[in-house]
Amino acid sequence: MDATSSRRLAALGGHLVSASAVSEGGGAVVNEQMAGLGLNDTAATGSGVQQELQRLLEHDSFEERRRMKELMKSELFIPRYAVPLAEERELALQRLRVLCHSGNFRIEDFRVDPMRIFAAHECAAFADPSMATKMTVQFNLFGGTILKLGTQRHHDLLLRGITSLDDIGCFALTELGYGNNAVEMETTATFDAATDEFIIHTPTPLAQKYWITNSAIHAHWAVVFAQLLIGGTNHGIHGFLVPIRDKQDLRPCPGVRIEDMGHKMGCNGVDNGKLWFDRVRVPRSALLDAFSQVERDGSFRSVGSLEVLQALFVVREGRLLGQLVAAMKEGRSGPQASPAALLLRRVFDIWMRQQSDTVQHTAAAFAEREVLEACCRALAARSLSPALRALLEPVVRLYALHRLEQDLAWFLTEGLVPLASGTAVGEAARALCRQLAPHYRTLLDSFGIPDHLVAAPIAGDWAAYNEADNQGELLGQVW
Ligand SMILES: Cc1cc2nc3c(=O)[nH]c(=O)nc-3n(C[C@H](O)[C@H](O)[C@H](O)COP(=O)(O)OP(=O)(O)OC[C@H]3O[C@@H](n4cnc5c(N)ncnc54)[C@H](O)[C@@H]3O)c2cc1C
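Residues numbered from 1 in each chain as written. Predicted model: local features only at pLDDT ≥ 70, side-chain atom pairs only at ≥ 80, totals over all residues. Heavy atoms only, no water.

K.L.:
So what about the site of the ligand? Which residues, and what values?
P.N.:
Taken together, Phe-171, Leu-173, Thr-174, Gly-179, Asn-180, Trp-211, Ile-212, Thr-213, Asn-272, Met-352 and Ser-356 make up the full set of residues adjacent to the ligand. Between an oxygen atom of the ligand and a main-chain N or O atom of Leu-173, the distance comes to 3.0 Å. With respect to the ligand, the side chain of Ser-356 contributes an N or O atom lying 3.5 Å from a nitrogen atom. Contact with the protein chains hides 49% of the accessible area of the ligand, taken as 970 Å² for the molecule alone. When residues of the shell around the ligand are assigned to their parent elements, the largest contribution, three residues, is made by strand β4 (residues 209-213). Here the shell around the ligand is built from residues that sort into five nonpolar, six polar and no charged. (Near = heavy atom within 4 Å. Polar contact = N/O pair within 3.5 Å; in protein donor to acceptor, adjacent residues only side chain to side chain. Areas by Shrake-Rupley, 256 points an atom, 1.4 Å probe, with all protein chains shown as cover. Helix = DSSP H or I, 4+ residues; strand = E, 2+ residues; numbered from the N terminus. Nonpolar A, V, L, I, M, F, W, Y, C, P; charged D, E, K, R; others polar.)

K.L.:
Can you tell me about the side chain of Glu-473, naming the residues and giving the values?
P.N.:
Here Glu-473 shows up in the segment after α19 (462-465). Although Glu-473 lies buried, it forms no salt bridge, and the closest oppositely charged side chain, Arg-80, sits 4.6 Å away as judged by the N-O distance. Only 2.6 Å separates the side chain of Glu-473 from the backbone nitrogen of Ala-82, close enough to count as a polar contact. Beyond its immediate stretch of four places on either side in the chain, Glu-473 contacts Pro-79, Arg-80, Tyr-81, Ala-82 and Tyr-465. (Buried < 20%, exposed > 50% of the residue type's maximum accessible area, 1.4 Å probe, protein only. Lys, Arg positive; Asp, Glu negative; His and termini not counted. Salt bridge = Lys/Arg side-chain N within 4 Å of Asp/Glu carboxyl O. Contact = heavy atoms within 4.5 Å.)

K.L.:
Run through the confidence of the model for the chain, naming residues and quoting values.
P.N.:
Per-residue pLDDT for the chain averages 87, and the proportion of residues at 70 or more is 85%. Low confidence marks residues 21-31, where pLDDT is under 50. Its contacts with residues over four positions away, or in another chain, come to 11 contacts. In the predicted structure, residues 305-320 sits below a pLDDT of 50 and forms 12 contacts with residues beyond four places in sequence or in another chain. (pLDDT = per-residue confidence, 0-100.)

K.L.:
Lay out helix α10 (residues 152-164) in plain terms, naming residues and giving numbers.
P.N.:
Every α-helical turn comprises 3.6 residues, leaving residues that sit three or four positions apart pointing alike. Taking 1.5 Å per residue, 13 residues should reach 18 Å; α10 reaches 19 Å between its end C-alpha atoms and fits that length. By the largest-angle criterion, Leu-158 marks the main kink of α10, which is about 40°. Restricting attention to buried positions, one finds in α10 the residues His-154, His-155, Leu-158, Leu-159, Gly-161, Ile-162, Thr-163 and Ser-164. Against α6 (85-100), α7 (109-112), α9 (129-149), β5 (221-230) and β6 (233-243) lie the buried residues of α10. Where α10 terminates, the next one or two residues include Leu-165, which has phi positive at roughly 70°. (Expected span 1.5 Å × (residues − 1). Bend = angle between axes of the 7 residues up to and from the residue.)

K.L.:
So, the pairing of strand β3 (residues 197-201): which residues are in play, and what are the values?
P.N.:
Burial of β3 is extensive: four of the five residues sit out of reach of the surface. Bridge count between strand β2 (residues 188-192) and β3: five bridges; the pairing is antiparallel. Its bridge partner being in β3, Thr-190 is matched across the sheet by Ile-199. Here β2 hands over to β3 after four residues, with Asp-196 in that stretch at a positive phi of 60°. Examined bridge by bridge, β3 and strand β9 (residues 280-283) share four bridges and lie antiparallel to one another. (Pairing = 2+ DSSP bridges.)

K.L.:
Tell me about the sheet that holds β4, and please be specific about residues and values.
P.N.:
Within a sheet, adjacent strands bond to each other through the backbone by hydrogen bonds, running parallel or antiparallel. As summarised here, the arrangement of the three strands in space is β4-β8-β7, forming an open sheet in which the pairing is antiparallel. The sheet is open, and its two edges are formed by β4 and β7 (256-260), each paired on a single side. The mean angle between the axes of side-by-side strands here comes to 35°, regardless of whether they run parallel or antiparallel. With three bridges connecting them, β4 and strand β8 (residues 272-277) associate as antiparallel partners. Looking at β8, one finds that Lys-209 is bridged to Leu-275. (Axes fitted to C-alpha atoms, helices over the stretch in contact; angles between N-to-C directions.)

K.L.:
Run through the packing of aromatic side chains, naming residues and quoting values.
P.N.:
The description of an aromatic ring pair uses the distance of the two centres, along with the angle that the planes make with each other. A full pass over the atoms with the stated rule returns seven aromatic pairs. With 6.2 Å between their ring centres and 65° between their planes, Phe-110 and Phe-118 make a pair best called edge-to-face. The buried category is assigned to Phe-110, whose relative accessible area is 14%. One aromatic cluster in this structure is built from Phe-191, Phe-198 and Phe-240. (Phe/Tyr/Trp six-rings, centres within 6.5 Å; stacked < 30°, edge-to-face > 60°.)

K.L.:
Can you lay out unusual backbone geometry for me, pointing to particular residues and giving the numbers?
P.N.:
Positive phi is not limited to glycine here, since Trp-211 has a value of about 75°. Locating Trp-211 in the fold gives a position in strand β4. Among the residues examined, Trp-211 registers a relative accessible area of 45% and is labelled partly exposed. Even without being glycine, Gln-471 reaches a positive phi, approximately 55°. Note that Gln-471 resides in the segment after α19. Among the residues examined, Gln-471 registers a relative accessible area of 63% and is labelled exposed.

K.L.:
Give a detailed account of helix α8 (residues 114-127), specifying residues and quantitative values.
P.N.:
Taking 1.5 Å per residue as the helical rise, α8 with its 14 residues ought to reach 20 Å, and the 21 Å between its terminal C-alpha atoms agrees with that figure. Taken together, the buried positions of α8 are occupied by Ile-117, Ala-119, Ala-120, His-121, Cys-123, Ala-124 and Ala-127. Those residues of α8 hidden inside the fold are in contact with α5 (62-71), α6, α7 and α9.

K.L.:
So what's going on with the nonpolar core? Residues and values would help.
P.N.:
Ranked by size, the top nonpolar core spans 62 residues in total, and within it Phe-105, Ile-146, Ile-200, Phe-240, Ile-244, Leu-275 and Phe-277 carry the most contacts. Counting residues per element, this core draws most heavily on β5, which supplies eight residues. The two domains that each donate at least three residues to this core are domain 1 (62-164) and domain 2 (169-302). Setting aside residues no more than four positions away along its own chain, Ile-200 makes contact with Thr-187, Thr-188, Ala-189, Val-224, Phe-240, Val-242, Phe-277, Asp-278, Arg-279, Val-280 and Val-282. In terms of nonpolar packing, the next biggest core, distinct from the first, is built from 15 residues, Leu-384, Leu-392, Leu-398 and Leu-436 among them. (Core = buried A, V, L, I, M, F, W, Y, C linked by side-chain atoms within 4.5 Å. Domains from an automatic or database assignment.)

The following block contains the structure:
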């Protein structure tokens, strides 16, 4: 692995020197040029530190990651570009099948070791973003929902098949008319006490399930979210397990209409579709009932009452977000006739309409603080070698300074950073870049991306790659 990034960088550096120099064995020229730019690793960093840093970055599931990267050496994983839509989708599925059958992760890992599933996603994304998207819908959205909202009977039916891909699923939340505002969705699940079934129905064109990943071609099952109606009462949105295709011939089940959404701007290995349900009947057991149950007589039970949940959410928001709390306090001073409903409306109004920018800004600030704290924890760990600490500390400072620079206007106008310091932020970041440049090799190699997953002739033998007509494809090419 050590020589990998040097080779790639030397090839890329070759674009800075004349073509003749490269064809005349320009590697040495390139290395000289890079040394001139100060871009050669110093003795202070080397393979020991690189391996330690790679361990830190791949801090979990190291062996599983290594095995998955190794698996992706096979020809199946070489990127293919000018292929028909159907083939691209089939490729994504076949690749996913190889990873799923490798035994490196399974859906139950969400209970015992979720990092293994996240590591699988990271590895999958190196090779094929479409495969990674299909994986995340199968394991996170579909599988995760079955695991967390479903109960034993759903687990017995599906967990094994989710891991092996014998049961492919999709997650049908979004509707044409209801994306971010999914809580207002129209799809209904009406309990029919006479037959002990739910009737899943799409009442209007706006209620069709829209953009549903895996649904156009591959999914056998859908977790369908719908308004639960029992005897004229709406109990809110719940998830239902609905078979949408015959597992043998893959034809849509009766009453289920599936439309393919076709070509997209990218990720065409992902089959997105639209789903319509025409009074599709499913047994009462189709309700994912970990938190809400419907009894045989139609009586409904739920873990938390809506009032308690509303109060919980208000408290959570209040504690997390100081600025929004101030606005909410204003809201609480209104009429007392219906405090819960009034408060909810007020919170919604503030959150979605008045403070939308602040909410998003706060979310970014929260994430950046989390990242910085995690980095500082890693730096403070006793197990870290002095050499790696010396390398990482400026990397972490560069991250923080870069983010500070991005948001400098806010820090300056809030008076948190004096003007003189603010002016120096950009130069401080660039000085750190210069300081870190000689260690590029160690830093790059620590990401552990093997050559066979780079798939970029420009970082390989680009001259050899362009000797023959390859139509821009990589399969069967030397480069
Ligand atoms: C490739 C792809 C795959 C998908 N796969 C699935 C899937 O498997 N299952 C599924 O259920 N859904 C899926 N979706 C749908 C996806 O979840 C929705 O697109 C998403 O929830 C946004 O909804 P929308 O497209 O209706 O956008 P809208 O909700 O109409 O939003 C449009 C724009 O307005 C902004 N906006 C909306 N409301 C507010 C607000 N209150 N304040 C500020 N800005 C606002 C949004 O940020 C966005 O920029 C997929 C979508 C795509 C593109």
